[in-house]
Amino acid sequence: MPVLSSSTAPNSEQFQTRQAAFDIALNRLRTQQAQVSEGGGEKQRERHISRGKIPVRDRIDMLLDPGAPFLELSALAAWGLYDNKVPAAGIVAGIGVISGVPCMIIANDPTVMGGTFYAETVKKHFRAQEIAQQQRLPIVYLVDSGGANLAQQDLVFPDKEHFGGAFYQQCRMSASGIPQLAAVFGPATAGGAYIPALSDEVIMVKGHGHIFLGGPPLVKAATKEEIDAESLGGAELHTFETGVSDHIAYSEAEALGKMRDIVANLNSPKNLSVTENAAPPRFDMAEIGGIIGDDLKVPYDIHEIIARLVDDSEFQSFKADYGSTLVCGFAKIMGNPVAILANNGVLFPESAVKGAHFIELADQRQIPLLFLQNITGFMIGIEAERGGIAKHSAKLVYAVSNARVPKLTLICGGSYGAGNYGMCGRGFCPDFLFTWPTSRTAVMGGETAAGVMTDLQRSKGAPEEKIAQTEKGILDQFTEQSDPYYSTARLWDDGVIEPEQTRTVLGFCLAVTADFERDRSKRPVYRM
Ligand code: COA
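A brief report on the enclosed structure follows. (Residues numbered from 1 in each chain as written. Predicted model: local features only at pLDDT ≥ 70, side-chain atom pairs only at ≥ 80, totals over all residues. Heavy atoms only, no water.)

A closer look at the packing of aromatic side chains
- Under the defined criterion, the tally for this structure stands at nine aromatic pairs.
- Measuring from ring centre to ring centre gives 4.9 Å for Phe117 and Phe163, while their planes differ by 70 degrees; the resulting arrangement is edge-to-face. One end of the pair, Phe117, is in the loop between strand S3 (101-108) and helix H4 (119-135); the other, Phe163, is in helix H6 (residues 163-175), with 46 residues separating them in the sequence.
- Accessibility expressed as a relative area gives 3% for Phe117, which makes it buried.
- Since its relative accessible area comes to 8%, Phe163 is described here as buried.
- Ring centres 6.2 Å apart and planes at 5 degrees place the aromatic pair Phe432 and Phe434 in the stacked group. The residues Phe432 and Phe434 share a single accessibility class, namely buried.
- The ring of Tyr322 has Lys319 sitting right over it, with the charged end atom 4.5 Å from the ring centre. (Phe/Tyr/Trp six-rings, centres within 6.5 Å; stacked < 30°, edge-to-face > 60°. Helix = DSSP H or I, 4+ residues; strand = E, 2+ residues; numbered from the N terminus. Buried < 20%, exposed > 50% of the residue type's maximum accessible area, 1.4 Å probe, protein only. Lys NZ or Arg CZ within 6 Å of the ring centre and 35° of its normal.)

This is the structure in structure tokens:
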């Protein structure tokens, strides 16, 4: 296999300057991640522990196989919203290995506003279910939630991808053979009661877990009956009398142990194929920050990144001498084959048709696709339009939409305009989508957008003062909204990751998707 080379000079002034700028962005990511991992803060945590309860991340640690990886998803959901009072959107979600079986874990954090569901909480819960459904991962729900956040009821209750939709997904997954398991560590109130009630197998912790459609205050208001939570919906009632729960645990640790036993007996066919001894890249992943810096206007050669992600830096290029602003080629990551499409400049008609052709090859050969996005968009202008860029770019978008193999997307630079579509942005349903901390996502760059709007105003004779205001307003808006934390807060991705972790994350995701159900029906490879 051909091996990529590198011309990176870590001692150069340019590298050092870019590294310093990138480090600032990296520190921001780490600081924010550390902050959200504290959950609802020290006071809430102490109150939680004083009730004899285990913090949510410790519950997950105890559930996982010792030393097994846990791919946390969307850790910074709701970041910057609600004065940052809803860290991680009050729910921890991720893929981890339990009793040897890769599972999706969805765990409420009761230290964050009683674990109630905000708009982003529902979105995160729903997205985790969607991933589990696509990858056929059993779901383990660690339930400890006050249900819908009543102040947000219009944002969490009525629509398709709200509470009802999440229950619908749960029923459909169970019926399609994807196990749904719940351990109840706290309230499962009102709508929230259906998470355990619709699970295939349920464990309740005595004294902690409560399942009821209406809690004691609501019962008192509605029927005038007075009753405590344990008598109304505790573990003994539901395990010994109603049968809502299948197992009682007398401590949280016991419940987690029982859940491990249940997963061990799922007879699950799912396995993770990570080749531990795959040859690492020949170049240092820690150098990625110094290569990319933080200024998207300064270009870098995407081969330098590929050389730091793939096994042994081996890369078999496809059409290296044609449409070279889209780099295409085959490689392996942690032993798993992957077909990479990576931007190295604006997309021209030739790059677009090359990409479409390459996707067909990957689809025919059943090789997952990896998109490395650093794209301002497709080429515009007289020559490009007359060359049929609309038609050629559509071919790429069409091929991306209909590829039957798993798709992973990493936004490592800019993700603008139709470039986002052609390179498998969120709308094109990649199995996983991650971003780097210096990435940007928007319909176009802020300066371009400001140019469009100010030109329009100028053509209508608007005064210069008003035009300057518009320009500033749009620049500010685009700066704020293209920030990767703005995106991740709203669940437009599955998380912001560090360049140095990227190989491990992608390798893990490829392993999760590796036994995808293959549609082996024949499809032609059209030469573009
Ligand atoms: N909607 C909006 N806010 C809620 C809420 C809900 N469903 N449930 C709790 N909160 C808020 C509380 O007002 C409190 O806010 P504050 O810190 O600003 O005072 C915060 O969440 C924590 O609640 P608290 O009651 O102090 O925590 P707790 O751990 O003692 O009890 C619950 C948690 C969930 C058991 C309890 O708050 C409760 O029973 N809530 C109502 C649940 C309900 O009826 N849900 C209906 C869903 S359809």
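Some remarks on the site of the ligand
- With respect to spatial proximity, the complete set of residues near the ligand consists of Arg47, Arg51, Met113, Gly114, Thr116, Gly146, Ala148, Asn149, Leu150, Pro187, Thr189 and Ala190.
- Measuring from an oxygen atom of the ligand, one finds a side-chain N or O atom of Arg51 at 2.8 Å.
- For the ligand, whose unbound accessible area comes to 870 Å², protein coverage reaches 53%.
- Considered class by class, the residues forming the shell around the ligand number five nonpolar, five polar and two charged. (Near = heavy atom within 4 Å. Polar contact = N/O pair within 3.5 Å; in protein donor to acceptor, adjacent residues only side chain to side chain. Areas by Shrake-Rupley, 256 points an atom, 1.4 Å probe, with all protein chains shown as cover. Nonpolar A, V, L, I, M, F, W, Y, C, P; charged D, E, K, R; others polar.)

What to know about the pattern of salt bridges
- Inspection of every chain in the model, using the stated rule, returns 22 salt bridges.
- Glu252 is paired through a salt bridge with Arg59; the nearest N and O atoms lie 2.9 Å apart. Placement of the pair is Glu252 in helix H11 (residues 252-264) and Arg59 in helix H3 (residues 56-63), with a sequence separation of 193 residues. Each member of the pair, Glu252 as well as Arg59, carries the same accessibility label: buried.
- One salt bridge in this structure joins Glu236 and Lys206, with 3.8 Å as the shortest N-O distance. Of the two residues, Glu236 sits in helix H10 (residues 235-242) while Lys206 sits in the loop between strand S6 (201-205) and strand S7 (210-212), which places them 30 residues apart along the sequence. (Salt bridge = Lys/Arg side-chain N within 4 Å of Asp/Glu carboxyl O.)

Considering the packing of helix H18 (residues 446-459) against helix H19 (residues 464-481)
- H19 packs onto H18 with a crossing angle of 155 degrees between their chain directions and a minimal axis gap of 9 Å. Classified by the interaxial angle, the pair formed by H18 and H19 is roughly antiparallel. In the crossing of H18 with H19, the sense of the turn from one axis to the other is right-handed. Note on element contacts: H19 touches H18 through Glu464, Lys466, Ile467, Thr470, Glu471, Ile474, Leu475 and Phe478, opposite Gly446, Glu447, Ala449, Ala450, Met453, Thr454, Gln457 and Arg458.
- Grouping the amino acids of the contact of H18 with H19 by side-chain chemistry returns seven nonpolar, four polar and five charged. (Axes fitted to C-alpha atoms, helices over the stretch in contact; angles between N-to-C directions. Parallel < 35°, antiparallel > 145°, perpendicular 65-115°, else oblique. Left-handed = near helix turned anticlockwise from the far one by under 90°. Contact = heavy atoms within 4.5 Å.)

Some remarks on the environment of Met528
- Residue position: Met528 is located in the segment after helix H21 (499-513).
- Separated by 378 residues in the primary sequence, Met528 and Leu150 place their C-alpha atoms 54 Å from one another.
- Non-local contacts of Met528, meaning those with residues more than four positions away in its chain, are made with Val353, Ala356, His357, Glu360 and Lys395.

Digging into the environment of Ala307
- Mapped onto the elements of the fold, Ala307 is located in the loop between helix H13 (302-306) and strand S9 (316-318).
- Using a relative accessible area of 0% as the deciding quantity, one classes Ala307 as buried.
- Considered as a pair, Ala307 and Ala193 are 114 residues apart in the sequence and their alpha carbons are 49 Å apart.
- Not counting the four nearest positions on each side in its chain, Ala307 is found in contact with Leu4, Pro281, Arg282, Phe283 and Ser313.

Things to note about the packing of helix H14 (residues 349-365) against helix H16 (residues 389-402)
- Between H14 and H16, the shortest axis-to-axis distance is 8 Å and the interhelical angle comes to 25 degrees. Taken together, H14 and H16 sit at an angle that is classed as roughly parallel. Of the two elements, H14 crosses H16, and the hand of that crossing is left-handed. Residue-level inspection shows Pro349, Ala352, Val353, Gly355, Ala356 and Ile359 of H14 in contact with H16, the latter providing Ile389, His392, Ser393, Lys395, Leu396, Ala399 and Val400.
- Of the residues in the contact of H14 with H16, the class split is nine nonpolar, three polar and one charged.

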